[in-house]
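Here is how the chains run, residue by residue.
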Amino acid sequence: MKRIILIMSSVILLLLSFLSINQKIIQPYLENKRYEKELAQFEQNMIQKAEEYNNKKEEELQKIQEEEYVKIPLPETEEEICKTVIGKYFHYINSKKYEDAYAMLDEKFKQNYFATYEEYQKYCTEKFADYKVLEYIKYERRTDFILVKIVVKNLADRNIQEEMQINIAEKGNYTYTISFGIEG
């Protein structure tokens, strides 16, 4: 029986030694696997946090853009609209940006008076050769347009002036076209 106990003790010691050795060999492997899982989880968390951060920044940017858009003052009255549109039109003419001014004209008006851009450019260089100053006289709402009477003055000699009637029609989404009376 001593022998059996001795053998059993030996087997137990061998098993414990084996487990101890295995623990030294296997434990790092198990830890490495756990480390890989933790690393994968960490990477996943970082990706998720980066996506959340990007989404948050995009939302903030969108909010800022919306706030900036709201801050752009839109003309509230027809008078302000008319002044804005006519001011832009004469700015183009005074800056000799005739193509931009031509683009603001009503299509039917273009067809009737300026079939080509070149005709319009010639008209502008003859009619509006000098820098012009505008004086607004009257705004009158018609069915589908606003009639605006203005006085166009020469900047160098304010005694040189001409009265004009300009029609402003809304085409939608704060887009307006211009037409005006042509003499001759």
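Residues numbered from 1 in each chain as written. Predicted model: local features only at pLDDT ≥ 70, side-chain atom pairs only at ≥ 80, totals over all residues. Heavy atoms only, no water.

**Concerning helix α2 (residues 78-94)**
Compared with the 24 Å implied by 1.5 Å per residue over 17 residues, the 24 Å span of α2 between its first and last C-alpha is a close match. Within the sequence span of α2, burial applies to Ile-81, Cys-82, Val-85, Ile-86, Tyr-89, Phe-90, Tyr-92, Ile-93 and Asn-94. Check the buried side of α2 and you find it contacts α3 (98-103), α5 (117-127), β1 (132-141), β2 (146-154), β3 (161-172) and β4 (175-180). (Helix = DSSP H or I, 4+ residues; strand = E, 2+ residues; numbered from the N terminus. Expected span 1.5 Å × (residues − 1). Buried < 20%, exposed > 50% of the residue type's maximum accessible area, 1.4 Å probe, protein only. Contact = heavy atoms within 4.5 Å.)

**Remarks on the sheet that holds β2**
Hydrogen bonds between backbone atoms are what pair the strands of a sheet, whose relative direction is either parallel or antiparallel. The four strands are arranged β1-β2-β3-β4 in an open sheet whose pairing can be described as antiparallel. Since the sheet does not close on itself, it has two edges, and those belong to β1 and β4, each with one partner. On average, each strand axis in the sheet is inclined to that of its neighbour by 30 degrees, with strand direction left out of account. Bridge analysis of β3 against β4 gives six bridges, and the strand direction is antiparallel. Bridging from a neighbouring strand, Gly-172 pairs with Thr-175 of β4. Along the sheet, α2 contacts β1, β2, β3 and β4; its crossing angle with β1, the most-contacted strand, is approximately 145 degrees. (Pairing = 2+ DSSP bridges. Axes fitted to C-alpha atoms, helices over the stretch in contact; angles between N-to-C directions.)

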